[in-house]
Amino acid sequence: MYVIDKLQRIYGIYHNSTLDGELASYLLKNLDDIKNMNLQKCINDTGLSKSFIQKFYTKAGFLSFNSLTSIL
């Protein structure tokens, strides 16, 4: 899975030292529940802003949070 590899690389590079690493870690830890996740739940669980999460999935090449989670 290309997307999971990408998240693992982000996590490996940034670990928990950056917000990118924290979000990648959160998504990797929640792969089993990701299909039921929405942007608001991710915001609530991580404490990250909507705009930060939008920048994250846009950098990863997705148009929306839903498109990211549906591929995972």
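One can find the structure itself at the top, above this paragraph.
Now for a look at the structure at hand. Residue indices follow the written sequence of each chain, beginning from 1 at its first position. Local features in a predicted model are, by the rule used here, given only for residues with pLDDT of at least 70; side-chain atom pairs are given and counted only at 80 or more, and totals for whole chains, interfaces and linings are based on all residues. With hydrogens and water excluded, all non-hydrogen atoms of the structure serve as input to the side-chain values.

## Considerations on the overall build of the chain
For the chain, the count of helices and strands is 5 helices and 0 strands. For the chain, the sequential pattern of α-helices and β-strands runs α-α-α-α-α. If one aligns the C-alpha atoms of the chain with their principal axes, the spans along those axes are about 25 × 25 × 20 Å. Each residue's exposure class comes from its accessible area (1.4 Å probe, protein chains only) as a fraction of the maximum for that residue type: buried when under 20%, exposed when over 50%, partly exposed otherwise. For the chain, with 72 residues in total, the buried portion stands at 39%. For this analysis, residues touch if any pair of their heavy atoms sits within 4.5 Å. Look at the contacts in the chain between residues 6 or more apart in sequence, and 45% of them connect residues 24 or more apart. Just so you know, the count uses Lys and Arg for positive and Asp and Glu for negative, and it drops His and the chain ends. To locate a charge, take atom NZ for lysine, CZ for arginine, CG for aspartate or CD for glutamate. Averaging the locations of the 8 positively and 6 negatively charged side chains of the chain gives two centres separated by 7 Å. The numbering of helices and of strands both runs from the N terminus, where a helix is a DSSP run of H or I of at least 4 residues and a strand a run of E of at least 2.

## Quick look at helix 4 (residues 50–59)
Within helix 4, the full set of buried residues consists of Phe52, Ile53, Phe56 and Tyr57. In an axial view of helix 4, the angular spread of the buried residues amounts to 130 degrees, which keeps them on one side of the axis. Summarising the geometry of helix 4, the exposed residues directed more than 90 degrees from the buried face are Lys55, Thr58 and Lys59. At the exit of helix 4 stands Gly61, carrying a positive phi of roughly 95 degrees. Note that the arc is computed from the directions linking the helix axis to the C-beta atoms.

## What to know about the pattern of salt bridges
By salt bridge we mean one thing: a side-chain nitrogen of Lys or Arg within 4 Å of a carboxyl oxygen of Asp or Glu. Applying the stated rule across the entire model yields 2 salt bridges. Residue Asp45 pairs with Lys41 through a salt bridge whose shortest N-O separation is 2.7 Å. Of this pair, Asp45 and Lys41 both sit in helix 3 (residues 39–46), separated by 4 residues, roughly a single helical turn. Judged by relative accessible area, Asp45 falls into the partly exposed class, the value being 43%. For Lys41, a relative accessible area of 38% gives the class partly exposed.

## What about the side chain of Thr69?
Topologically, Thr69 is positioned in helix 5 (residues 65–71). Whenever two N or O atoms come within 3.5 Å, that pair is a polar contact, provided that in protein one can donate a hydrogen and the other can accept it, and provided that, for residues adjacent in sequence, both atoms are side-chain atoms. Of the polar contacts made by the side chain of Thr69, one reaches the backbone oxygen of Asn66; its length is 3.2 Å. When neighbours within four sequence positions are excluded, Thr69 is seen to be in contact with Ile34, Lys35 and Met37.

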